Amino acid sequence: MSMLRISESRFSVPIGLKREMRQQMRISSLALASLLLIAGAASVLAAGSEADFKAAYAAAEAADNEAGQLRDQWTTTAAALAAAKQAAGAGDFDQAIALSKQAEALARASIFQAQREKEAWKNSEIH
Amino acid sequence: MQSAIHFAAVALALLALAPARPAAAADTVDPLADARAFQNYFTGKFPNVKLEDFVNGPYSMNADMRRQWQEIEQFPPYEFALEAGKEMFTKPFKNGKTYADCFPNQGIGIRQNYPTFDEQEGKVITLELALNRCREANGETPLSYVKDDMAALTAYMAYTSRGKPFDIKIPDDPRAIAAYQNGKRYFYTRRGQLNFSCASCHVQAPGERIRAEVLAPALGILNAMPIYRSEWSGMGTVSRRFITCNSQTRGVPLNAQDDEYRDLEFYLSYLSNGLPISGPGARP
């Protein structure tokens, strides 16, 4: 406690500066509140639309088709695509977009796997 | 000192010229050498298991399971399928012909020769495919490849070949070699979200448990087909086995009798040449 008091006295702030700091804090709070308001409004504006879902779904489906051409589709991609469609059907486009993006990520991982395995399989072969 | 530097320089130059890995026997196709290496791998890994016993899958690697299986074989669960298969096999089609008319030796004792490579078509012909082609040639609708009637028919045909060693022939035809190689590639390729290849379980971990199951060795794995699986509560064909394996790794399975599956069956059966047919089998 004594140490704390010492440090307080050592680093005590002049009264004028304290007032200025308080004022600045008020301004910062105002700025923060405004920022929050803007962010809130932006998130309302950024809520997924049907068009956004369709674009995200199409990208995911294209990636899954590419995996299909490489004969390496994943069941989890198909499940995410089906769930995305279902969410969109229920009008939950935020969820539908999130699931479409998840499906695309899974499909891209399966494409990566298929491309890597074109040569990598040889490393496991018994000789 | 100078000679040491020279030596190091020469060594580095040689290293730079050397291929990344020992020239890949994987790039040259030698089925006979593959089969020898494959069989040696398993007999080396399991020195107490006789070569012909690998056809008994997990029972060859686990004494408790083996005892249970021997009890099960007193009243084998595939018996109903066997009887149904015999009846189907001998019952004439609407045109009066039977399956026997489609196969050499009237279809009896020939299972060990399948898959074959059809040099006219340039593709692998599995027994399941040959059975459906026989049906279609005689005006009948094809059967589902995965279970029931197809499993019953192949069970009967396997039974008539019990004890006969697999005798898969790869003709001197680049397409046959390519099919064999494609089967090998499929076998070792990791797929599905779980990133497993067929070899991950059946080469690298036979005898180990995956959850409650003991993994079967790849050597001899098709000799026991078709099988009654308690997990399926019924019979399943080779097609069913491949499809299920792919699904279990979270991979979307191919269609039954797609080229990859046919080639995979060709490759795996060839590696088990010399091991006796033991099908139909019973598995947990």
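Here the residue index of a chain counts from 1 through its sequence in written order. Labels follow written order: the first chain is A, the first ligand is 1, and so on. Totals for whole chains, interfaces and linings use all residues, but because this is a predicted model, local features are given only for residues with pLDDT of at least 70 and pairs of side-chain atoms are given and counted only at 80 or more.

(A) Representation of the overall build of chain B. Helix numbers and strand numbers start at the N terminus; a helix is a DSSP run of H or I with at least 4 residues, a strand a run of E with at least 2. If you tally the helices and strands in chain B, you get ten helices and seven strands. Expressed along its principal axes, the backbone C-alpha trace of chain B runs to roughly 90 × 50 × 35 Å. With C-beta atoms placed from the backbone, a residue is buried if 20 or more other C-beta atoms are within 10 Å of its own, exposed if 12 or fewer are, and partly exposed between those counts. When burial is assessed residue by residue, chain B has 40% of its 284 residues classed as buried. By definition, residues are in contact whenever their C-beta atoms, placed on the basis of the backbone, come within 7 Å of each other. Considering only intrachain contacts with a sequence separation of at least 6, the fraction spanning at least 24 residues in chain B is 73%.

(B) View of the interface of chain A and chain B. Every contact between the two is made by 15 residues of chain A and, on the other side, 23 residues of chain B. At the level of secondary structure, the elements contributing two or more residues to the side of chain A that touches chain B comprise helix H4 (75-89) and helix H5 (93-120) of chain A. Per element, the largest residue contribution to the side of chain A that touches chain B is three residues, and it comes from H4(A). Classification used: nonpolar for Ala, Val, Leu, Ile, Met, Phe, Trp, Tyr, Cys and Pro, charged for Asp, Glu, Lys and Arg, polar for all others including Gly. Tallied by class, the residues present in the side of chain A that touches chain B amount to four nonpolar, six polar and five charged.

(C) Region of interest: helix H2 (residues 31-45) of chain B. Residues and elements named next belong to chain B. The terminal C-alpha atoms of H2 lie 21 Å apart, and with 15 residues this matches the ideal 21 Å at 1.5 Å per residue to within 8%. All of the buried residues along H2 are Asp34, Phe38, Gln39 and Phe42. One side of H2 carries all its buried residues, which in axial view fall inside an arc of 125°. Exposed and oriented more than 90 degrees from the buried face of H2 are Leu32, Ala33, Arg36, Asn40 and Gly44. Against helix H10 (259-271) lie the buried residues of H2. Given a helix with a known number of residues, its expected span is that number minus one, times 1.5 Å. Here the arc refers to the set of directions running from the helix axis out to each C-beta atom.

(D) Expanded view of the sheet that holds strand E6 (residues 234-236) of chain B. Residues and elements named next belong to chain B. An order of E6-E5-E7 is seen for the three strands of this open sheet, with the pairing classed as mixed. Lying at the two open borders of the sheet, with one neighbouring strand each, are E6 and strand E7 (281-283). Direction aside, the axes of adjacent strands within the sheet are offset by 35° on average. Taken together, the three bridges between strand E5 (residues 227-229) and E7 define a ladder with parallel strand orientation. Across the sheet, residue Arg229 finds its bridge partner in E7, namely Arg283. Pairing between strands is defined by DSSP: at least two bridges between them are needed. For helices, the fitted line uses only the C-alpha atoms of the stretch in contact; every axis is such a line through C-alpha atoms, and the angle between N-to-C directions lies from 0 to 180 degrees.

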